[in-house]
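Single-letter residue listing:
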Amino acid sequence: MLFVVPDFYEDFHCLAGKCAHSCCVGWEIDIDEDSFAYYSGIEGELGRELREKISTKPTPHFILDENERCPFLNERGLCRLILGLGEISLCDICREHPRFYNEFSDRTEAGLGLCCEEAARLLLEGDGPLRLLCCDNGGGEKPEAGEQALFSLRERIFSLLHDGSRPLFSCMASCAALCGRTMPELNLPDWAGFYLGLERLDPAWTDALRLLEDRGGEVPLPERLDGIKFRRMAAYLVYRHFASAGDPGRAADMLSFAILSTAMVCALEALGMDCGEALRLYSAEIEYSDENIDLILNKIRE
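Cut-offs applied
Residues numbered from 1 in each chain as written. Predicted model: local features only at pLDDT ≥ 70, side-chain atom pairs only at ≥ 80, totals over all residues. Heavy atoms only, no water. Helix = DSSP H or I, 4+ residues; strand = E, 2+ residues; numbered from the N terminus. Rg over C-alpha atoms; globule rule 2.2 N^0.38 Å. Buried < 20%, exposed > 50% of the residue type's maximum accessible area, 1.4 Å probe, protein only. Contact = heavy atoms within 4.5 Å. Pairing = 2+ DSSP bridges. Axes fitted to C-alpha atoms, helices over the stretch in contact; angles between N-to-C directions. Salt bridge = Lys/Arg side-chain N within 4 Å of Asp/Glu carboxyl O. Phe/Tyr/Trp six-rings, centres within 6.5 Å; stacked < 30°, edge-to-face > 60°. Lys NZ or Arg CZ within 6 Å of the ring centre and 35° of its normal. Parallel < 35°, antiparallel > 145°, perpendicular 65-115°, else oblique. Nonpolar A, V, L, I, M, F, W, Y, C, P; charged D, E, K, R; others polar. Patch = residues over 30% accessible without salt bridge, like charges linked within 9 Å, V, L, I, M, F, W, Y side chains within 5 Å. Areas by Shrake-Rupley, 256 points an atom, 1.4 Å probe, with all protein chains shown as cover. Lys, Arg positive; Asp, Glu negative; His and termini not counted. Charge placed at Lys NZ, Arg CZ, Asp CG, Glu CD.

1. Digging into the overall build of the protein
Along the protein, the regular secondary structure elements total 14 helices and six strands. By the compact-globule yardstick of 19 Å for 302 residues, the protein fits well, its C-alpha radius of gyration being 21 Å. Along the three orthogonal principal directions, the C-alpha set of the protein runs to about 65 × 50 × 35 Å. Taken across its 302 residues, the protein has 47% of its residues classed as buried. Pairs at least 24 residues apart make up 73% of the contacts formed inside the protein by residues separated by at least 6 positions.

2. Quick notes on the sheet that holds strand β4 (residues 99-103)
The sheet built from four strands is open, its strands ordered β4-β5-β1-β6 with mixed pairing. Lying at the two open borders of the sheet, with one neighbouring strand each, are β4 and β6 (132-136). Strand-to-strand twist of the sheet, defined as the mean angle between neighbouring strand axes without regard to direction, takes the value 20°. Here three bridges tie strand β1 (residues 2-6) to strand β5 (residues 107-112), and the two strands are oriented parallel to one another. Paired with leucine 2 across the strands is arginine 107, a residue of β5. Set on the sheet, helix α6 (residues 145-161) makes contact with β5 and β6; between it and β5 the angle comes to about 35°. Against the sheet, helix α11 (residues 228-241) touches β1, β4, β5 and β6, its axis set at about 55° to β4.

3. Things to note about the environment of serine 159
Relative to the helices and strands, serine 159 is located in helix α6. The spatial distance from the C-alpha of serine 159 to the C-alpha of leucine 201 is 36 Å, given a sequence separation of 42 residues.

4. Remarks on the pairing of β1
Both β1 and β6 contribute to a ladder of five bridges, which runs antiparallel. Residue pairing in the sheet places valine 5 in a bridge with leucine 133 of β6.

5. Examining the pattern of salt bridges
The final tally for this structure, using the stated rule, is 19 salt bridges. The residue glutamate 45 makes a salt bridge to arginine 48 at a minimum N-O spacing of 2.1 Å. One end of the pair, glutamate 45, and the other, arginine 48, are both in helix α2 (residues 44-52), three residues apart, so they sit about a helical turn from each other. Beyond isolated ion pairs, a larger network of salt bridges with shared partners links Asp106, Arg107, Glu109 and Arg154.

6. Let's talk about the packing of aromatic side chains
Working definition: an aromatic ring pair is given by the centre-to-centre distance plus the angle between the planes. Inspection of every chain in the model, using the stated rule, returns 15 aromatic pairs. Of the aromatic side chains, those joined through ring pairs into one cluster are Trp191, Phe194, Tyr195, Trp205, Phe257 and Tyr282. Lying over the aromatic face of tyrosine 288, arginine 240 brings its terminal NZ or CZ to 5.3 Å of the ring centre.

7. Thoughts on the packing of helix α12 (residues 248-270) against helix α14 (residues 290-301)
Viewed as axis vectors pointing N to C, α12 and α14 meet at an angle of 100°, and their least axial separation amounts to 10 Å. If you check the angle between α12 and α14, you find them roughly perpendicular. The residues of α14 that touch α12, namely those facing Arg250, Asp253, Met254, Ser256, Phe257 and Leu260, are Ile293, Asp294, Ile296, Leu297, Ile300 and Arg301. Grouping the amino acids of the contact of α12 with α14 by side-chain chemistry returns seven nonpolar, one polar and four charged.

8. Regarding the pairing of β4
Burial along β4 is one-sided: the residues Phe100 and Asn102 are buried and none of Arg99, Tyr101 and Glu103 is. Taken together, β4 and the strand that follows it, β5, pair antiparallel across an intervening segment of three residues.

9. Focus on the environment of proline 71
Topologically, proline 71 is positioned in the loop between β3 (61-62) and α3 (80-85). Each C-alpha atom, one on proline 71 and one on isoleucine 54, is 9.3 Å from the other, the two residues being 17 residues apart in sequence.

10. Side note on a negative patch on the surface
A grouping of Glu185, Asp190, Glu213 and Asp214 is seen on the molecular surface, where their side chains present a negatively charged patch. Counting through the fold element by element, aspartate 190 comes out in helix α8 (residues 188-196). For aspartate 190, a relative accessible area of 54% corresponds to the exposed category.

Structure, rendered in structure tokens:
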């Protein structure tokens, strides 16, 4: 069985109290069955507090405080469960975040969600083409024919995206053609208006979209959309979403989504936003909402 990760995966370490956008704030934190049983057996004051601050309906989860903070996040941004019980006390979602796993017949592909500011930084600060690192743990099955076809096509897309002899915009157009598509329409003010109609959580994302709606037309996108960080960004979005789409049609849609997403982040940077923060916001608001992604894909298909 293969285990595949991007080149920056092993460099990741949670920033904990140094993180400006803690994943322990604003997100509902569900508790897996084993962790819930463990918490139920904790004694003393911490055990009493655990039982008071966990709701079991509809499924076990921590009850966020009035500021939408996890009740076990202290004033220094550190987890009181880790401080009191060690990292073994973390429930699955807290231990794994921001990691994701895409499962295939012959491999598991893991990565780091870009809603995490440190993951976004590591991706963008890489000094070369995105590389995938592979470990063979033995066993496993042969890849299914459909999966193998998507893996092979994805490799060709990676090669095109990192062809430094051509502008990235041109490389993206070639990637689309490789999947039987044309380059997605990148009228960014129109897309910003569309995104404003989707579910939004962070007021900063609303502000970013309004900026893009007002001034996105000023950005010379074909010239601006280039450089190694945008090549890595596009390749990583393809890594996360392309092969896991499951069929060639949806995979081609996800390629268009990766191109559109990279273009929007690039434009926000051109208009004065920090690139890492624009990418973090985009990922948190879009990549973590299946509903938002589906609505965007429907729009792309029009």
